[in-house]
Amino acid sequence: MNQKPYVFAAYCVAGNLADVTPDQARKLTHLNIAFGIVKENKINIDAIRRNRFYLEEIREWNPELVITLSTGGGGAGGHGEATAPENLEGFVQSTMDAVRELKLDGIDCDWEFPCNTGHMEEKAQHVELMKAYRRELDKYESERGKKCWLTIAAAAWDRYLQNTDIPAVTPLLDFINLMTYDIRDGAWAENYTGHHSNVYAPKGTFYPDSIQGCVEKYHALGVPYDKLVIGAAFYSHRWDGVPDVNHGMNQKMESPCVYGPGYTAIYHIYEKSQEYVKYWDDDAKAPWLFNGRSFITYDDPMSMRYKAEYVREAGLRGIMYWEHSSDKTGLLFNAIYENLMR
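Thresholds applied
Throughout this description, residue numbers start from 1 for each chain and increase along the sequence as written. At least 70 in pLDDT is required for a residue's local features to be given in this predicted model, at least 80 for side-chain atom pairs to be given and counted, and no such filter applies to totals for whole chains, interfaces and linings, which use all residues. The side-chain values count all of the structure's non-hydrogen atoms but skip hydrogen atoms and water molecules. Helix and strand assignments come from DSSP, with helices taken as H or I runs of at least 4 residues and strands as E runs of at least 2, each series counted from the N terminus. As defined in this context, the radius of gyration uses C-alpha atoms, and a globule is described by 2.2 Å times the residue total to the power 0.38. When a residue's accessible area, from a 1.4 Å probe over protein chains only, is under 20% of the maximum for its type it is buried; when over 50% it is exposed; and in between it is partly exposed. Contacts between residues were defined by any pair of non-hydrogen atoms, one from each residue, lying within 4.5 Å. Exposure was quantified through the Shrake-Rupley algorithm and a 1.4 Å probe, taking into account, for residues, occlusion by the shown protein chains and nothing else. DSSP calls a pair of strands paired once it identifies at least 2 bridges connecting them. Note on geometry: axes are C-alpha line fits, over the in-contact stretch for helices, and angles between N-to-C directions span 0 to 180 degrees. As used here, the arc is the angular range of directions from the helix axis to the C-beta atoms. For our purposes a nonpolar core is just a set of buried Ala, Val, Leu, Ile, Met, Phe, Trp, Tyr and Cys residues, chained together by side-chain atoms within 4.5 Å. These descriptions rest on fixed angle ranges, namely under 35 degrees for roughly parallel, over 145 for roughly antiparallel, 65 to 115 for roughly perpendicular, and the rest for oblique. By definition, any crossing whose near helix is turned counterclockwise from its far helix by less than a right angle is left-handed, and any crossing with a clockwise turn is right-handed. Only a pair of cysteine sulfur atoms within 2.5 Å counts as a disulfide in this structure description.

Trainee: Could you give me a rundown of the overall build of the chain, with the residues and numbers involved?
Mentor: Per the secondary structure count, the chain includes 12 helices and 14 strands. In terms of C-alpha radius of gyration, the chain reaches 20 Å, essentially the compact-globule figure of 20 Å for 342 residues. Over its C-alpha atoms, taken along the principal directions, the chain stretches across nearly 60 × 45 × 40 Å. Counting every position in the chain, which comprises 342 residues, the buried fraction comes to 57%. Taking as baseline every contact in the chain between residues at least 6 positions apart, the subset at least 24 positions apart corresponds to 71%. Counting only carbon and sulfur atoms, one obtains 50% of the accessible surface of the chain, whose full area is about 14,000 Å².

Set out below in structure tokens:
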């Protein structure tokens, strides 16, 4: 079982830092600020600078909160060129300059995704970047006399495991933020409706992927369970034009899902709508909504409870979520905290 303190980590876009309340800041262990943008082989933090007041306010509310710079993210490109041998040193220096300027506690590298464009040399570049980040953060840790953290955001897809050297980077990291959402999305060769952040594999489906399955794949590559933080979704995925069969579940579609409403809208509008019906998959531990034509897969407080229970039972490090402002009700945040941290 996990003997280390649990991680309760938020991803928050710089422009949404104002949505973090004092109570939430005190309950979080880690806050990943999205994003340090990769631009012209350097890290650009203009958006964070514009919201620095809120960052400093959050720090006042919880001086012990670990705040890291999440670099890249959201499918943004640039990491491949920026980490080429001739650019690596300058890129790492620009990242560390940003960390020092903002008085942050480390780096969360959100490189989505190495080798995605077919440049297989990026697999080795990813490792070299982690080595350089670890080396520079260790120096900074000695300078300031306080721990510096290095984490990555890592996909739940097999392709990501093929395109990265997880055994090589694991020893360099404090933990890995597994993006165990988007499990069912446009990355699949064939497109069927289904859960996108389910804890366990659904029954009666040809899509066996789940958070548990992802964790076991990483563990099989040598990642200790207590270095794995699973991801929870404060947003949904939606398919439209779905056949009214099996409550919309496991239906083949011509087009992939789209980024759906955040939990704020789901709670206040969709779940209360007379048009939509809410269903629960007790095998997968995940809900969905269907109105006869639109299928919405998402997380709710009950699925968060099962995520927390799984983390405890499997000895994992904790739970992170994307993205903070997508749940202004606080219900998902509180469900994670109450079931994991208390």
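Having seen the structure, we can now continue with the description.
Trainee: A description of the sheet that holds strand S11 (residues 277–281) should follow, citing residues and the corresponding values.
Mentor: With respect to topology, five strands assemble into an open sheet ordered S10-S9-S13-S12-S11, the strand pairing being antiparallel. Pairing within the sheet leaves two strands with one partner each, and these edge strands are strand S10 (258–262) and S11. Strand-to-strand, the axes of this sheet are offset by a mean angle of 30°, without reference to chain direction. In this structure, strand S12 (residues 286–290) lies alongside strand S13 (residues 295–297), joined through three bridges in antiparallel fashion. Considered in S13, the bridge of Trp288 is made with Thr297. Relative to S10, helix H10 (residues 263–270) is tilted by about 65°, and along the sheet it contacts strand S9 (235–239), S10, S12 and S13.

Trainee: Help me get a handle on helix H9 (residues 211–220), residues and values and all.
Mentor: Every buried residue belonging to H9 is among Ile211, Cys214, Val215 and Tyr218, and all of these are buried. The arc that holds the buried residues of H9, viewed along the axis, is 100°, so those residues lie on one side. Tucked into the core, H9 has its buried residues touching strand S6 (149–155), helix H7 (158–163), helix H8 (166–169), strand S7 (175–179), strand S8 (228–233) and helix H11 (301–314). Trailing H9 by a residue or two, Gly222 shows a phi angle of about 100°, which is positive.

Trainee: Give me unusual backbone geometry: which residues, what numbers.
Mentor: The peptide bond linking Glu112 to Phe113 adopts the cis configuration, its omega dihedral lying at -5°. Structurally, Phe113 can be placed in the loop between strand S5 (106–110) and helix H6 (122–144). Residue Trp322 is joined to Glu323 through a cis peptide bond whose omega torsion reads -10°. Structurally, the position occupied by Glu323 is in the loop between strand S14 (318–322) and helix H12 (331–341). Of note, the phi angle at Glu40 is positive, near 55°, even though the residue is not glycine. Counting through the fold element by element, Glu40 comes out in the loop between strand S2 (30–39) and strand S3 (42–44). Not every positive phi belongs to a glycine, and Lys285 is a case in point at roughly 60°. Secondary-structure assignment places Lys285 in the loop between S11 and S12.

Trainee: Explain the nonpolar core to me, and be specific about the residues and the numbers.
Mentor: One finds Met130 and Tyr218 to be the most contacted residues of the largest nonpolar core, which totals 102 residues. It is H6 that provides the largest number of residues to this core, a total of seven residues. What Tyr218 contacts, discounting residues up to four positions off in sequence, is Ala154, Ala155, Tyr160, Leu161, Ile166, Ile176, Leu178, Val223 and Leu228. By size, the runner-up hydrophobic cluster in this structure holds nine residues, among which are Trp239, Met249, Met253 and Phe290.

Trainee: Go over the packing of helix H5 (residues 88–101) against H6 with me, naming the residues and quoting the values.
Mentor: It is the contact of H5 with H6, at a shortest axis distance of 10 Å, that shows an interaxial angle of 40°. With respect to each other, H5 and H6 are oriented oblique. The chirality of how H5 crosses H6 is right-handed. Of the residues in H6, those touching H5 at Leu88, Phe91, Val92, Thr95, Met96, Val99 and Arg100 are Glu128, Leu129, Ala132, Tyr133, Glu136, Leu137, Tyr140 and Glu143.

Trainee: Tell me about the state of the cysteines, residues and numbers included.
Mentor: Here is the idea: a disulfide is a covalent bond, and it sits between the sulfur atoms of two cysteines. Considering all chains together, one arrives at zero disulfides under this definition. Left unpaired, Cys115 is separated from the closest cysteine sulfur, that of Cys109, by 13 Å. Judged by its relative accessible area of 5%, Cys115 falls in the buried class. Its sulfur unpaired, Cys214 is 17 Å from the next cysteine sulfur, which belongs to Cys257. Given a relative accessible area of 3%, Cys214 falls into the buried group.

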